[in-house]
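Structural overview for review
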Amino acid sequence: TGEVEDWYIFKEDDTIDNNKLTHKILKENANKLIHNLAVGKKFTIENYSKRYHTKIVKETNTRHFFVVLEGDVRILLFNPEQESKIEFIEENGKKESKYSMFKKHRKRLDKLKYLEIKLDQEKLIYIPYNWLYCFYIKEPSLILDINSESIFTLPIKLLNDRLQ
């Protein structure tokens, strides 16, 4: 995890200046994390309401960052060894768990080992390739979701994807 500094989107009182949430400024800031050797750069800003949660997802990008601009988020991070203990549904090339860590069916996932990470305003996390994650929103949150490949990792990712 890390902290976002000097992103030029915050006011003096440390709140976000919505006028600065432009594509140009966010692209400049995202490039601080993914540099110019990155290919296939993609980022989105998502507003999440309190109690929103995801199912467990397998990370298929080699470089994935979540940046919490506002709010309070809990991310559960699972190493690749946990994948065999999870029932997945595959749809549109995305692997998502059948059950949620945050619902009544959680008992089916009790034996999983994971790391729970608290992210609040101006914090970021890197999700490693082939790791699994899910998240829960404790307070309304604004998240910058950044994905990319680098010219060095793209060939390895393509080869790995073909072998699976």
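As a reminder, the structure under discussion sits directly above these lines.
Predicted, not measured: the structure shown is a model, and the values here were computed from it. (Residues numbered from 1 in each chain as written. Predicted model: local features only at pLDDT ≥ 70, side-chain atom pairs only at ≥ 80, totals over all residues. Heavy atoms only, no water.)

**Describing the overall build of the protein**
In terms of regular secondary structure, the protein is built from 2 helices and 9 strands. In the protein, the succession of helices and strands from N to C terminus is β-α-β-β-β-β-β-β-β-β-α. By the burial criterion, 41% of the 164 residues in the protein qualify as buried. Intrachain contacts of the protein at a sequence separation of at least 6 include 84% that bridge at least 24 residues. As displayed, the protein has an accessible area near 9900 Å², and 48% of this comes from carbon and sulfur atoms. (Helix = DSSP H or I, 4+ residues; strand = E, 2+ residues; numbered from the N terminus. Buried < 20%, exposed > 50% of the residue type's maximum accessible area, 1.4 Å probe, protein only. Contact = heavy atoms within 4.5 Å. Areas by Shrake-Rupley, 256 points an atom, 1.4 Å probe, with all protein chains shown as cover.)

**A few points about the pattern of salt bridges**
Counted according to the given criterion, the structure contains 6 salt bridges. Across the salt bridge formed by Lys123 and Asp120, the nearest N and O atoms sit 3.7 Å from each other. Because the salt bridges share partners, they merge into one network encompassing Lys58, Glu83 and Lys95. (Salt bridge = Lys/Arg side-chain N within 4 Å of Asp/Glu carboxyl O.)

**Considerations on the packing of aromatic side chains**
The geometry of an aromatic ring pair is captured by two quantities: the separation of the ring centres and the angle between the planes. The full count for this structure, using the stated rule, is 8 aromatic pairs. Measuring from centroid to centroid gives 5.4 Å for Tyr48 and Phe135, while their planes differ by 75°, and the two rings are edge-to-face. Of the two residues, Tyr48 sits in strand β2 (residues 38-48) while Phe135 sits in strand β9 (residues 132-150), which places them 87 residues apart along the sequence. With a relative accessible area of 5%, Phe135 lands in the buried category. Feature note: the residues Tyr48, Tyr52, Phe66, Tyr133 and Phe135 constitute an aromatic cluster, connected by ring pairs. (Phe/Tyr/Trp six-rings, centres within 6.5 Å; stacked < 30°, edge-to-face > 60°.)

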